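Next come the chains, spelled out residue by residue.
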Amino acid sequence: MVNRRLPRFLLIAIGVAAAGACTAPVDLSAVQKYASTTAAAGASFSALAADFQASCARYNDAHDYVVNAASSPTLPILVGDPSTAQLTDAVSIAALVLQPGYQFVPVASSSSVPTPSPNVPAPIPTAMSNAATCENAADVSKAWGQANSTVLAYVQSLGNLANVDAVPTINPSPLASPLAKIGVSSSAIQASSAILGSIAKFYTLQTSERDISRFLAEVNPSMPGATEALRYVDAVYSIELADEFIEIETQYGGFARTELRNYDTIKGSSQGSINRRLAIAQRLLSTKAAVLSALTFINNQRQASAAYGSAIDQILKTHEQLYEASQRRATLSDYLNVIQTTGAPVLTDLDTLAKAVKK
Amino acid sequence: MTDAQALVLSQELSDLATIVAQMLNDLTLNLTQTQVQQLQSLSNQLTNLSRQIAIAGALAALNAAQSDFDAMTRATTAANAAATQLKAQIAKVNAVISVLSAAITFGAALAAGVLGPAVTAAGTLANAAAAALQ
């Protein structure tokens, strides 16, 4: 009886499984890499968000930074007696220029996309104290950090949904022994096991694709507004860094001019005069080294800011294409193509960001 | 003024301050002490205003987008639940296979008329069914 019914079951099962068998195996490593790399960028994202507040504090301390560097020279004692012109040339920091940061372009002006929600009237502060400004910066740091986590969680979830390899497979082996006992041939058992596996794979892919499509549709209305806010904050961070750079430059410019004027007023070739001139020169060169170090750090952060903004841009573009694909009833292969093309630059941006933050 | 305009204004103030800072740092440029102090003060005012406008704008932009972030969080939570559910469903299928296996064994034992193995198989079937129903 069982043997007579089995072929009919097999025929039905083969029919269902055929659809699964037609689905080409999908290499999901690109999806997994996209999700895992983006999730791993959490540390870099957090570092940038935290530095928003820190930059505000450094700006306020710029004067003290220059004065402290001058009061404790770190360079070895100088020899020789450079002219004022030679020293002027040696202590110039004009060669170190501000590196490009992130430039914000509102989505509304570059496409027909409706004005996103962050584009609301911004208050113009008047005569705010440095402490109050940095309190605002602290609030931005906190909110930016939380917002970053939200976007990273979105990418991570996308990876979870697409990662069908992580789903346990159907295990038909417990059936083998009882089927053999009732006289089912080993080839039929193997065939039914394979069919069960195909059905399971087909079901898993179908469910994954449906879940991804639903997720993209749910996120889609919020994605432009959320990413626009992140890009805006990042552009503000770039400006904040520029202002910090300029403030340190300004403090150093005033300091260097005063020191050079003092240097020039010490005349004569007595050892005492030479020693006084050398002390000023040493102070100036030590301060220049400290200032260059601070400015280089700011430039690294500006580079990180540019990479972050670019990554957010690309995450939005990748989302938009994934969503478009989902509207055409995309398969996992279609999603994979989007990740491998539009999503690929995200990985480059995140790599640049991680390196810049570590410098 | 919109947040985009605030950002442009902030950037322009910063650009102006850059020019002032470059003048100060061109050490070959002859400036009196008074001029240096005036330029320092001007640069400081420009950068201070630039960052105040920018930081206030950033706070406003994040606050305005909060509902978007909340919606994304809700969708992400639902998506994670769906991914977990899929794994649970496959586990359920495996449990059903165990039931099927036990049922076939039980049926075969009954058909053969051997009571001992039939009772054992019935116990296995009951356990498998209980596991599948969990």
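See above for the structure.
What counts, and at which threshold
- Residues numbered from 1 in each chain as written.
- Chains lettered and ligands numbered in written order.
- Predicted model: local features only at pLDDT ≥ 70, side-chain atom pairs only at ≥ 80, totals over all residues.
- Heavy atoms only, no water.
- Helix = DSSP H or I, 4+ residues; strand = E, 2+ residues; numbered from the N terminus.
- Rg over C-alpha atoms; globule rule 2.2 N^0.38 Å.
- Buried < 20%, exposed > 50% of the residue type's maximum accessible area, 1.4 Å probe, protein only.
- Contact = heavy atoms within 4.5 Å.
- Salt bridge = Lys/Arg side-chain N within 4 Å of Asp/Glu carboxyl O.
- Axes fitted to C-alpha atoms, helices over the stretch in contact; angles between N-to-C directions.
- Parallel < 35°, antiparallel > 145°, perpendicular 65-115°, else oblique.
- Left-handed = near helix turned anticlockwise from the far one by under 90°.
- Nonpolar A, V, L, I, M, F, W, Y, C, P; charged D, E, K, R; others polar.
- Lys, Arg positive; Asp, Glu negative; His and termini not counted.
- Disulfide = S-S within 2.5 Å.
- Phe/Tyr/Trp six-rings, centres within 6.5 Å; stacked < 30°, edge-to-face > 60°.

Scanning chain B from terminus to terminus reveals 4 helices and 0 strands. When the helices and strands of chain B are read in sequence order from the N terminus, they spell out α-α-α-α. Since a compact globule built from 134 residues should have a radius of gyration of about 14 Å, the 38 Å found for chain B marks it as more spread out than a globular shape. Overall, the C-alpha framework of chain B stretches about 115 × 35 × 15 Å when taken along its three principal axes. Looking at chain B residue by residue over its 134 residues, the buried ones come to 42%. Long-range pairs, those at least 24 residues apart, make up 53% of the contacts in chain B between residues at least 6 apart in sequence.

What follows is about the pattern of salt bridges. All names here are of chain A. Inspection of the entire model under this criterion finds 9 salt bridges over all chains. Here Arg 58 and Glu 244 are joined by a salt bridge, their closest N and O atoms 2.6 Å apart. Separated by 186 residues along the polypeptide, Arg 58 in helix H3 (residues 42–60) and Glu 244 in helix H10 (residues 223–265) bring together distant segments of the chain. Note on Glu 244: relative accessible area 1%, which makes it buried. Among the salt bridges present, the one from Lys 355 reaches Asp 351, with a minimum N-O distance of 3.1 Å. Separated by 4 residues within a single helix, Lys 355 and Asp 351 lie in helix H13 (residues 344–358), roughly one turn from each other. The class for Lys 355 is exposed, based on a relative accessible area of 53%. Among the residues examined, Asp 351 registers a relative accessible area of 38% and is labelled partly exposed. Where salt bridges share partners, they join Asp 51, Arg 58 and Glu 244 into one cluster.

Moving on, we come to the packing of helix H4 (residues 62–71) of chain A against helix H11 (residues 271–327) of chain A. Residue and element names in this part refer to chain A. Between H4 and H11, whose axes approach to 8 Å, the crossing angle comes to 140 degrees. As summarised for this structure, H4 and H11 are arranged oblique, according to the angle between their axes. For H4 against H11, the interelement crossing comes out right-handed. Each of Tyr 65, Val 66, Ala 69 and Ala 70 in H4 lies in contact with H11, whose residues at this interface are Arg 283, Ser 286, Thr 287, Ala 290, Val 291 and Ala 294. When its residues are assigned to classes, the contact of H4 with H11 shows 7 nonpolar, 2 polar and 1 charged.

Right, let's talk about the side chain of A:Asp349 for a bit. All names here are of chain A. Note on placement: Asp 349 falls in helix H13. Despite its burial, Asp 349 pairs with no opposite charge, the nearest such side chain being Lys 317 at 8.8 Å. Apart from residues no more than four positions distant in its own chain, Asp 349 is found in contact with Ala 307, Ser 310, Ala 311 and Gln 314.

This brings us to the state of the cysteines. One way to say it: the disulfide is the covalent bond shared by the sulfur atoms of two cysteines. All names here are of chain A. Overall, the coordinates contain 1 disulfide over all chains when judged by the stated rule. Put simply, Cys 56 and Cys 134 are joined by a disulfide, and their sulfur atoms are 2.2 Å apart. On the sign convention where negative is left-handed, the bridge of Cys 56 and Cys 134, at about -100 degrees about the S-S bond, is left-handed. With Cys 56 in helix H3 and Cys 134 in helix H7 (residues 130–162), this pair connects stretches of sequence that are 78 residues apart. Neither residue differs from the other here; Cys 56 and Cys 134 are each classed as buried.

Residue and element names in this part refer to chain A. Tallied over the full model, the rule gives 8 aromatic pairs over all chains. Note on Phe 52 and Trp 144: the rings are 6.1 Å apart at their centroids and 85 degrees apart in plane angle, and the pair reads as edge-to-face. Of this pair, Phe 52 sits in helix H3 while Trp 144 sits in helix H7, placing them 92 residues apart in sequence. When sorted by exposure, Phe 52 lands in the same class as Trp 144, which is buried. Taken together, a centroid distance of 5.4 Å and an interplanar angle of 85 degrees make the contact between Trp 144 and Tyr 308 edge-to-face. Note that Trp 144 is positioned in helix H7 and Tyr 308 in helix H11, a separation of 164 residues in sequence. Residue Trp 144 is classed as buried on the basis of its relative accessible area of 0%. For Tyr 308, a relative accessible area of 0% puts it in the buried group. One aromatic cluster is present, formed by Phe 45, Phe 52, Trp 144, Tyr 237 and Tyr 308 through successive ring pairs.

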